[in-house]
Every structure is written in structure tokens, then in C-alpha cells.
Amino acid sequence: MAILMRTALFVPGNRPDRIEKALNTKADMVIIDLEDAVPLSEKAIARLNVREKVSQFADRAIMVRINPLRSSYIQSDLEEAVVKGVKGIMLPKVEQAEDIREINRLLLEIEKRDSLPEGFFLVLPLIESGSAVQRIYEIVSTETKPQRVYTVAFGAADFTLDMGIEMTLEGSELLYARSRISIACRAAGLAPPIDTPFMLDLSDIDALVSDAKRAKRLGFQGKLVIHPRQIDPCNEVFSPSLEEIEKAEKIVRAFEQAEASGTAAIQLEGKFIDYPVVERSRDLLALANEINRKRG
Ligand code: GLV
Ligand code: MG
């Protein structure tokens, strides 16, 4: 279940005009929000908007961020806004393995109601507290039938609130949490995680790019974005560049030739190349292909 998610754009569910705009952007995924971007008085209308827009944009990759399991909105969110056409749900404020089992039970009921196959709706848990980071491996390795968790996303606004710390431009305060999340996803065999939105300055694209690169270096596959202007720069950060593609092709070619003549370690332009380096190049080319397929 490879899903391209270099960018996942949040849009408030109570703003139909903005939902429509969001669905027309180049974000790989659009996440219609029913949680923190929606005033309490507008939760009901937001659910209606989800149903309407999802049926209008049937071939778009759409997720819905529902309210947390322990909120009073969860049942109505599931009943009214989790419908065919929604690829999955983002579950905020996940704290423990039991939350994954609980959302699985609830989604099974919805799938039964709508005669959809079990596992139709994916789950993208949002990790956004100290206790969630502490229990991250337990969360991402929770077994359910069917298996629904594709990967997780990191939410630094609530995380820094919970921790009582400041978000900074250089981002060192997030290093440990990001690393834990990324390693846990890998260890549990999930896809690489999705990074927090960058919200310190929506007009500062250089700072956004630095932040995205920091997350990429730690193993994140993409970023949540909160404004359309953040999409192109993040899509670019999380796509292999032309230069990287050419270099990877060169490495694979040179290595395959060497291997055919009985050598498994070569030098190419001063760089040492062995099996792991070649594998890494092949992974990069596979990602480039997937992105191309989507464009095509
Ligand atoms: C997202 O929900 C966050 O808290 O950063
Ligand atoms: Mg949050």
C-alpha cells in the first residue's frame, strides 16, 4: 500500500471554498480537518462539507482528520464524515496501543454499515504528546485485523504545548522526538512517517525548506502543510533531484558491470560503492519512478 505523501495539505472542514481550492493543488494528499481548525459550533456543517466534496472529487486522495477518540464528537464524525471516497482517517491525540485497536473496531462497524471491504479506511495516527512519543513503538507495532496503520504523522504544535517548550527555527527541540518516531516506524515495518507542519512563519519559505530537509534527513517521507504556498517547496525537498537520479543511475550501472565481472566493491569518482550504496540508489530510483507515474 504505497501512498505518495510528500505533502499532505490540511484544510478546515468548515470552509467549502478553501476545501475546493485545496483539492485543486498539487498536494499529494488533502486532509480535511474536523478537529482543531474547526470551531466547536461548526463541527456539524464541516462533516456535511466532507461528504459533499469527497463525492465531487472522487479521484482525489483525501483523508479526514476526525476528532480524538476521547472527545464527544468521535461518533458523529465516524457516522457522518467517514464515507466511501475517503482514503483514510487521521486520528489525532493517539496515546497508546489500545487507541489503535479501538479505532479499528469503530472503523469495522462503518465498513460493515457501508458494505465496504474490511480495511478500506487507512489510519494515520497523529503523534503529538510526550506520552505518545514515549510509547511510539508500542503504538506503531499494534496488531489489528485488518492492519490499518500505514504510517504516522508528527504534530509539533500539540507536542511542544504538552512539553511546555518553544518551537524554534533551528528545530533542535524536535530532534529526539522526530528520531524516535522515524526509527519506530522503520522497526515496525511501516512506511516512513510524515513530519509536522511548519508554522513559525508561513511566508518564510527558506525556513520551511530547512525544516523539511531536517525531517528528511531523519527519515521522514513528507510533511504536513498548512498553506498552499508550502506545497511546491516541500514536494521538491521530498523528491529526488535530477542530479541525484543521474548519480544513482550511474552508480547502479557501474556496479552491475563490476559485479558481472566478479567485484562487489568499486570506486566511482572517489566514492566507495558497495551493496548498501547500490541498494540506496535503487530505492531512490524507485521513488523517482513512483513520482513520475503520478505525474504521468
Ligand atoms: C498538529 O495537529 C499539531 O499539533 O502540530
Ligand atoms: Mg494537534
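S.K.: Any details on the environment of L224? Residues and values, ideally.
M.R.: Checked against the element boundaries, L224 lands in strand 8 (residues 222-225). Each C-alpha atom of the pair L224 and Q75 lies 25 Å from the other, and the pair is 149 residues apart in sequence.

S.K.: Give me the nonpolar core: which residues, what numbers.
M.R.: For soluble globular proteins, the rule of thumb is that nonpolar side chains tend to be buried together. Residues I66, L78 and I103 are the most contacted members of the largest nonpolar core, which totals 63 residues. A total of five residues in this core trace back to one element, the largest contributor, which is helix 4 (residues 97-113). Once residues lying within four places of it in the same chain are set aside, the contact partners of I103 are I66, L69, L78, I89, L91 and V123. With 16 residues, the next largest nonpolar core counts M63, L122, L126 and L224 among its residues.

S.K.: Any details on helix 11 (residues 242-260)? Residues and values, ideally.
M.R.: Over its 19 residues, helix 11 extends 27 Å from the first C-alpha to the last, a length consistent with the 27 Å expected when each residue adds 1.5 Å. Every buried residue of helix 11 is listed here: I245, A248, I251, V252, A254, F255 and A258. Where the residues of helix 11 are buried, they touch strand 9 (266-268), strand 10 (271-273) and helix 12 (275-295). In the segment just after helix 11, G262 is the residue with positive phi, at about 90°.

S.K.: Pulling in residues and values, what's your account of a negative patch on the surface?
M.R.: A contiguous patch of negative charge, built from E243, E244, E246 and E249, is present on the exposed surface. Secondary-structure assignment places E249 in helix 11. We classify E249 as partly exposed; its relative accessible area is 35%.

S.K.: Can you tell me about the pairing of strand 2 (residues 29-33), naming the residues and giving the values?
M.R.: Within strand 2, five of the five residues are buried, which leaves it mostly tucked inside the rest of the structure. Where burial is concerned, the two faces of strand 2 agree: the one with M29, I31 and D33 and the one with V30 and I32 are both buried. The sheet contact formed by strand 2 and strand 3 (residues 62-65) spans four bridges and is parallel. Paired with V30 across the bridge in strand 3 is I62. Read as a crossover between parallel neighbours, the route from strand 2 over helix 2 (residues 43-56) to strand 3 is right-handed.

S.K.: Could you give an account of the site of ligand 1, naming the residues involved and the relevant values?
M.R.: In the neighbourhood of ligand 1, the contacting residues comprise R65, L126, E128, G155, A156, A157, D158 and M199. The contact in question runs from an oxygen atom of ligand 1 to an N or O atom on the side chain of R65, over 2.8 Å. With respect to ligand 1, the backbone of D158 contributes an N or O atom lying 2.9 Å from an oxygen atom. In the complex, 92% of the free accessible area of ligand 1, which totals 190 Å², lies under the protein chains. Top contributing element to the shell around ligand 1 by residue count: helix 7 (residues 156-163), with three residues. When grouped by side-chain class, the residues that make up the shell around ligand 1 number four nonpolar, one polar and three charged.

How each quantity is defined
- All residue numbers refer to positions counted from 1 along the written sequence of the respective chain.
- Throughout, the order in which chains and ligands are written sets their labels, letters from A for the former and numbers from 1 for the latter.
- Under the rules for a predicted model, residues below a pLDDT of 70 receive no local features and side-chain atom pairs below 80 are neither given nor counted, while totals for whole chains, interfaces and linings still include all residues.
- Hydrogens and water molecules were not included; the side-chain quantities draw on all heavy atoms of the structure.
- Helix and strand definitions follow DSSP, with helices as H or I runs of at least four residues and strands as E runs of at least two, each counted in order from the N terminus.
- By nonpolar core is meant a set of buried Ala, Val, Leu, Ile, Met, Phe, Trp, Tyr and Cys residues that side-chain atoms within 4.5 Å join together.
- Working definition: with a 1.4 Å probe on protein chains only, accessible area under 20% of the residue-type maximum means buried, over 50% means exposed, and in between means partly exposed.
- Note on contacts: a residue pair qualifies if any of its non-hydrogen atoms lie within 4.5 Å across the two residues.
- In a helix, the anticipated span is given by 1.5 Å times the number of residues less one.
- Only residues above 30% relative accessible area that lack a salt bridge enter a patch, with like-charged residues linked at up to 9 Å and the nonpolar side chains Val, Leu, Ile, Met, Phe, Trp and Tyr linked at up to 5 Å.
- Surface exposure here means Shrake-Rupley accessible area, sampled with a 1.4 Å probe, where a residue is shielded only by the protein chains that are shown.
- Salt bridge, as used here, is a side-chain nitrogen of Lys or Arg placed within 4 Å of a carboxyl oxygen of Asp or Glu.
- The sign given to each residue is positive for Lys and Arg and negative for Asp and Glu; His and the chain ends receive no count.
- To locate a charge, take NZ of a lysine, CZ of an arginine, CG of an aspartate or CD of a glutamate.
- Any two strands with at least two DSSP bridges between them are considered paired.
- By the criterion used throughout, a crossover qualifies as right-handed when its path from the first strand across the helix to the second strand runs clockwise, the strands pointing away from the viewer.
- If even one non-hydrogen atom of a residue comes within 4 Å of a molecule or strand, that residue is called near it.
- In the analysis that follows, any N or O atom pair within 3.5 Å is treated as a polar contact, provided that within protein one partner can donate a hydrogen and the other can accept it, and provided that, for residues neighboring in sequence, both atoms belong to side chains.
- Each residue gets one of three labels, nonpolar for Ala, Val, Leu, Ile, Met, Phe, Trp, Tyr, Cys and Pro, charged for Asp, Glu, Lys and Arg, and polar for the others, Gly among them.

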